[in-house]
Amino acid sequence: MNQHRRLREEKLDEEAETGEEFGARPGKQPRRTDRNEVMTRIEDLLVRLSDHQGDAVQGRIEDLSYLVSDVLPSYKSDILRILVECIATHPMQSGAYATFVGLVNVRDYEFGAECVNCLMQQLLKSLHGAEWTMARSLMLLLGDLVNTSVVTVGSMMQLLNDLVNVCEEDNSPQTRRDFYAHLVLGTLPSIGRELYEKRETALQMLLKRLQLYMNKERRAGEGVRLLRIWCNGEMPQHEYLELLWQQILRLERDHWIEKQLLRPYLAFDDSLSTALQHHLPMLEPPGYQPGSVSYPRPWLVFHLFELSDSPATLRLPEELDIERHVIESHILQILQLHHLERKTCAELLSSYIVSQPNVALEHCIVEVLLGQMLQLPSAPYLTINYGSIIIELCKMRPCKFPQIVAQAADILFTQLEFMNVSSFDRFVNWFSHHLSNFRYQWSWQDWESCTTVPDLHPSAMFVRELLKKCMRLSYHQHIVQLLPQSYAALIPLPPDPVFKYINELLPGAKLAKQLLEAIRAKSSALAVGGFIEASTELDDDIKINVMMQTFLHLGSKSFTHVFSIFSKFQPVMKMLAYNKANQFSILVALSEVWVNNDQLQLVVADKLLKIQIVDASVIVDWIFGQKEQLTHMYLWELINAVIKFTKNHSQNNYVEEQQLPHLCLLLQIVQNCVQVVTDHEEAFEQKCTDYWSDWVLGRLQCVLFNYIDDFRLISFKLNQIASELDNSKRLVKLIESYLAYIQ
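Remember, it's a predicted structure, so these values are computed and weren't measured experimentally. (Residues numbered from 1 in each chain as written. Predicted model: local features only at pLDDT ≥ 70, side-chain atom pairs only at ≥ 80, totals over all residues. Heavy atoms only, no water.)

K.L.:
Is there a simple way to think about the overall build of the protein chain in this case?
P.N.:
The helix and strand tally for the protein chain stands at 33 helices and two strands. Seen through its principal axes, the protein chain has C-alpha atoms that stretch 105 × 70 × 60 Å. A buried classification covers 55% of the 743 residues belonging to the protein chain. (Helix = DSSP H or I, 4+ residues; strand = E, 2+ residues; numbered from the N terminus. Buried < 20%, exposed > 50% of the residue type's maximum accessible area, 1.4 Å probe, protein only.)

K.L.:
So what exactly am I meant to see when it comes to the environment of Leu 64 here?
P.N.:
Turning to its location among the elements, Leu 64 is positioned in helix α3 (residues 54–89). Spatially, the C-alpha atom of Leu 64 lies 33 Å from that of Ala 360, the residues being 296 residues apart in sequence. What Leu 64 contacts, discounting residues up to four positions off in sequence, is Ile 42, Leu 45, Leu 46, Leu 49 and Phe 100. (Contact = heavy atoms within 4.5 Å.)

K.L.:
What is the right way to look at helix α30 (residues 691–706) in this model?
P.N.:
Spanning 16 residues, α30 covers 23 Å between terminal C-alpha atoms, matching the ideal 22 Å at 1.5 Å per step. With 14 of its 16 residues buried, α30 lies for the most part within the structure. (Expected span 1.5 Å × (residues − 1).)

K.L.:
Could you clarify how one ought to interpret the environment of Trp 622 in this entry?
P.N.:
Within the secondary structure layout, Trp 622 lies in helix α27 (residues 616–624). A relative accessible area of 3% places Trp 622 in the buried class. Ignoring sequence-local partners within four residues, the contact set of Trp 622 consists of Phe 584, Leu 587, Val 588, Leu 590, Ser 591, Gln 601, Ala 605 and Leu 638. Looking at Trp 622, its side chain comes within polar contact range of the main-chain oxygen of Leu 587, at 3.5 Å. (Polar contact = N/O pair within 3.5 Å; in protein donor to acceptor, adjacent residues only side chain to side chain.)

K.L.:
Hey, could you run me through the packing of aromatic side chains in this one?
P.N.:
The relative placement of two aromatic rings is captured by the distance of their centres and the angle of their planes. If you walk through the whole model with that rule in mind, you get 27 aromatic pairs. Considering the side-chain rings of Phe 431 and Trp 442, the 5.0 Å spacing of their centres and the 85° angle between planes classify their relative orientation as edge-to-face. Taken as a pair, Phe 431 in helix α17 (residues 421–436) and Trp 442 in the loop between α17 and α18 (458–473) lie far apart in primary sequence, eleven residues in all. In this structure an aromatic cluster arises from ring pairing among Phe 413, Phe 424, Phe 427, Trp 430, Phe 431, Trp 442, Trp 444, Trp 447, Phe 462, Tyr 487 and Trp 695. (Phe/Tyr/Trp six-rings, centres within 6.5 Å; stacked < 30°, edge-to-face > 60°.)

K.L.:
Help me understand the pattern of salt bridges in this model?
P.N.:
Oppositely charged side chains are able to pair whenever their charged atoms sit close together. According to the stated counting rule, one finds 29 salt bridges in the structure shown. Between Arg 48 and Asp 44 there is a salt bridge, with the nearest N and O atoms lying 3.9 Å from each other. By relative accessible area, Arg 48 is classed as partly exposed at 37%. For Asp 455, the salt bridge is made with Arg 464, and the minimal N-O distance between the two is 3.9 Å. Taking the relative accessible area as the measure of exposure, Asp 455 reaches 55% and is therefore exposed. The class of Arg 464 is buried, set by a relative accessible area of 14%. Residues participating in the shared-partner salt-bridge network are Lys 76, Glu 110 and Glu 114. (Salt bridge = Lys/Arg side-chain N within 4 Å of Asp/Glu carboxyl O.)

K.L.:
What is the right way to read the layout of surface pockets from this model?
P.N.:
Using a probe with the size of a water molecule, rolled over the atoms, empty space left in the structure can be pinpointed. The calculated volume of the second largest pocket comes to roughly 1,100 Å³. As for the second largest pocket, its lining consists of 32 residues, and the residues nearest its centre are Leu 382, Thr 383, Asn 429, Asn 640 and Asn 706. At the level of elements, α15 (383–396), α17, α18, α26 (598–610), α28 (633–648) and α30 are the ones that each hand at least two residues to the lining of the second largest pocket. Here the residues of the lining of the second largest pocket sort into 15 nonpolar, eight polar and nine charged. (1 Å grid on protein atoms, 1.4 Å probe; cavity = no way out; pocket = protein on both sides within 12 Å on 5 of 7 lines; lining within 4 Å. Points joined across faces, edges and corners; volume = space filled by probe spheres on them. Nonpolar A, V, L, I, M, F, W, Y, C, P; charged D, E, K, R; others polar.)

K.L.:
What's the story with the nonpolar core in this structure? I'm lost.
P.N.:
Nonpolar side chains in soluble globular proteins tend to end up buried together. Within the largest apolar cluster, 98 residues are counted, with the highest numbers of intra-cluster contacts made by Met 548, Phe 566, Leu 608 and Phe 711. Here this core takes ten residues from helix α29 (residues 661–683), the largest share from any one element. For Met 548, the residues in contact, after removing those within four places along its chain, are Phe 566, Met 573, Ile 586, Ala 589 and Leu 608. One finds Leu 46, Phe 100, Val 104 and Val 150 within the second-largest nonpolar core, a separate group that totals 88 residues. (Core = buried A, V, L, I, M, F, W, Y, C linked by side-chain atoms within 4.5 Å.)

K.L.:
Which parts of the structure should I look at to understand the packing of α29 against α30?
P.N.:
Think of two packed helices as two axes; the pair is described by the angle between the axes and how far apart they sit. The geometry of α29 relative to α30 is characterised by a closest axis approach of 11 Å and an angle of 165° between their N-to-C directions. Between α29 and α30, the crossing angle belongs to the class labelled roughly antiparallel. By crossing handedness, the relation of α29 to α30 is classed as left-handed. Taking contact as the criterion, the partners of Leu 666, Val 670, Cys 673, Val 676, Val 677, His 680 and Glu 681 in α29 are, on α30, Trp 692, Ser 693, Val 696, Leu 697, Leu 700, Val 703 and Leu 704. (Axes fitted to C-alpha atoms, helices over the stretch in contact; angles between N-to-C directions. Parallel < 35°, antiparallel > 145°, perpendicular 65-115°, else oblique. Left-handed = near helix turned anticlockwise from the far one by under 90°.)

K.L.:
Got a minute to help me understand the side chain of Gln 247 in this structure?
P.N.:
Position of Gln 247 relative to the elements: it lies in helix α10 (residues 240–253). Of the polar contacts made by the side chain of Gln 247, one reaches the backbone oxygen of Glu 319; its length is 2.9 Å. Among all residues touching Gln 247, those that are not within four sequence positions of it are Glu 319, Leu 320, Asp 321, Ile 322, Arg 324 and His 325.

K.L.:
In this structure, what is going on with the side chain of Ser 65? I would like to understand it.
P.N.:
Along the chain, the position of Ser 65 falls in helix α3. Setting aside anything within four residues of it in sequence, one finds Ser 65 in contact with Phe 100, Leu 103, Val 104 and Arg 107.

K.L.:
Can you help me understand the packing of helix α20 (residues 509–520) against helix α21 (residues 525–534) in this one?
P.N.:
Where α20 meets α21, the axes come as close as 10 Å, and the angle between the chain directions of the two elements is 170°. Put simply, α20 runs roughly antiparallel to α21. Taking contact as the criterion, the partners of Leu 511, Gln 514, Leu 515, Ala 518 and Ile 519 in α20 are, on α21, Val 528, Phe 531 and Ile 532.

K.L.:
Would you take a moment to explain α15 for this structure?
P.N.:
Because each turn of an α-helix spans 3.6 residues, side chains separated by three or four positions in sequence point in the same direction. Between its first and last C-alpha, α15 extends 20 Å over 14 residues, near the 20 Å set by a 1.5 Å rise per residue. When you tally the buried positions in α15, you get eleven out of 14 residues, the bulk of the element. Among the residues making up α15, those that are buried are Thr 383, Asn 385, Tyr 386, Gly 387, Ser 388, Ile 389, Ile 390, Ile 391, Glu 392, Leu 393 and Cys 394.

K.L.:
So what exactly am I meant to see when it comes to unusual backbone geometry here?
P.N.:
Excluding glycine, most residues fall at negative phi; most peptide bonds, likewise, are trans. The peptide bond linking Leu 376 to Pro 377 adopts the cis configuration, its omega dihedral lying at 5°. Positive phi is not limited to glycine here, since Arg 439 has a value of about 55°. By secondary structure assignment, the location of Arg 439 is in the loop between α17 and α18. Here Arg 439 falls in the exposed class, since its relative accessible area comes to 67%. Here the phi dihedral of Gln 612 falls at roughly 60°; this positive angle occurs in a residue that is not glycine. Gln 612 sits in the exposed class, given a relative accessible area of 60%.

Now the structure itself:
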C-alpha cells in the first residue's frame, strides 16, 4: 500500500470517528450518504479531469480511482454513463479518462471488461445514429485505453482495419469513406507510438491501405473549390482530410513521437503495466443505405500566420506538424462547449495558454476563431459569438491579444481582393463590432491604399461597408471625426431623410401638405384615407408616393415613430397596396426618402413585409431592379431576411414540397440574378476587371450556401437553368459546382 493510499485511509478513518465525512457536523451521529450525493461527488471529480494542468490531473485521477474502487459494486452503471458523457464533451482529455479506467482496471478486472464493452456498444450506436462527433470521441478514448494497458494492441489494430474496410467500398459515397478514414487517422496520434513499438508491420499495412485510398481512390471534387476562402494560392488552405493525412505522414517520419497530448498515464506506468488486458469485441460498421444518414461534408482549414509572425521566444508549430492539429483540436473543444458563454470560454482559453508557456497559443487561438468565423459554406456559430470571445480575450490579456488581432486584421485586409464574398461580409460584421468595443480606434493610415483603387475594388468596398456598419453602432459625425481626410471619398453621406414634396411645384405637393397637417392634427386613418381618395387628379403611383413620403418624413426620428404611423394608418396603406405594381411603388418611395440610409431601407422594408403591406416577391423584384446597388451588403441582408420570414411562414402550408412559397422565392431570386448578370455581361466591355459581376455572383453563392437543404429540393430546376445558359460561363460553373457539392 503506497503512502498516498495510507494517508487517505487514515483521513477517512478520522472522518468516520468524528462524523465529519460528507460534511456531517461534529458531535452528531455520522449520517448515511445517499446515492445521489455519492454520484454527484464522482461526477464532479470526473468532470474536473478535463483540466489542462497535468500535475493537478494526476492527483485527481488517483483520488477518483480510490473513491470509485470503494463504491464500484453499487454504482458501476452510473459511473460508466458519466464516463461516456464526459468523453463526449472533453475528447481531448481522453488520456486522463483512460488513466482513470486503467487504475480501476488494475483493481477490478470485471469493471475494465464492462467498460470496454460499454464503449464499443456506444461506438456502434453512434455510427448507426449519425452521431459523428461522439464516434470520434469514443475512438480517442479507446485508443488511450491501449496506452493504459486496458485494451490489447492486437484487438485495436483489428478495429482500425475494420473501419478502413469502409474506405474500400465501391458503392459508398465519398463523404462516408472520408469520415471513416478521418476516424482512423484522428486516433493514430495518441496510439501511433504504441502500435509502432508492438505491431510495426500491421501498422505499416494499415497506412498502405489508407495511402491507397488517399492517393488513388479519393478525389477532392469540384464542389470543394467553392469552399475556398481565397481564390489565390498565397494563403494556405488545406482540405481537412488531406491535411491530417500529411500530418500523420510527418508523424510517421518522426517515429510517432508526439509531445502535445496530455498523457497522465505515464506517471502510473508501473501500476498500469501489471493489469490484465481486454480484447475489443468485433465491430461491424453499419452498411451504406442511400438516403438514410448524412455524413459530414468536407471543409477547408486555413492558416493565417506564418512561423515568422510569432515572437522569437515562442514556438508556432508548422502547419504539417501533428502538434498543430492537437492544439487546434483543444481550442475547438473549448469553443464547442462554451461558445455561448464568452467569459467562461475566454477564461478556459487563457488557462490553456498558461499550460503551454513555450507555444504561441495566442496566435493559434486567433487563427482558429477567425478560421471558423470565415469558414464556408457557413460558420458553425454566429459571427458575434466569435467576436465577443475575442473581445474578452483582449480584455483578459491586454498585452498580447489586441496586437495579434490587429495583426490578423491587417493580413485579412491585404488579401481582400481574393476573399470569398460570404467571408468578406462576415469580416465586415465582425470587425465593425470589434472596433465598436474599442472606441473605433484603428491605424487608418495603414489602409490608405484603399483610397486610390476603383470604387468596386474589394478594399474600397470593405472600408465603405465597414464605415456603414460602424455608423449603425455609433453615429455619422463621430465616425467621420476619427478618419483621416484622405478617406473622404469613402465616407458615406449623412443618413438624413429626403422629403421631396418640400418643393410645392411637384405633382402631389398639395396632397402632401394636407396629409402632413392632418396627421399632425391627429386625424383618424379614415380621414387621411379620405384626403387620398379625394385627390382624383392624381394617379395611384403619385398618391402612393405622397403617402409613403409623408409617413416616412413624419416618422424619421426613430423606428418607433415610423412603426407607430404604420400601425395607425395600416388600413390606408392596404387600401392602396392592392396589387404588385402599387406595392412596388411603396418600396420606390422608401428608397427615395432614405436614399442615404441603408439601415432604414432594410428595417422598414422588412416591416412592410411583416405587416403584409408588400409581398416577398415584390421586394425581390424591387431589389434586382436596382442594378448599381446590388453590390451593397444591405440589399442581400434584406433578401436573406425575406427568405427567412417566408420560410418560417411556409411551415403550416399544406402544399406540394416543390411548391412551398420559400422554394418559389428562392427560385425567383436565382432567376432574377441570372437575368441581371447575363444582361450585364452582354453590355460589359472587357477592358478592366468586372468587379460588379464578382460581387453579385459572390452574393448569389452566399444565398445558395445559406439554404443548401432547400435548394437540394429544387436542384433539378437549378440544373435546368444552367443548361439553358449560353453566354455566362461563370454562372454555369457556379451552379454546376454548387450542384456537385450538395449532391
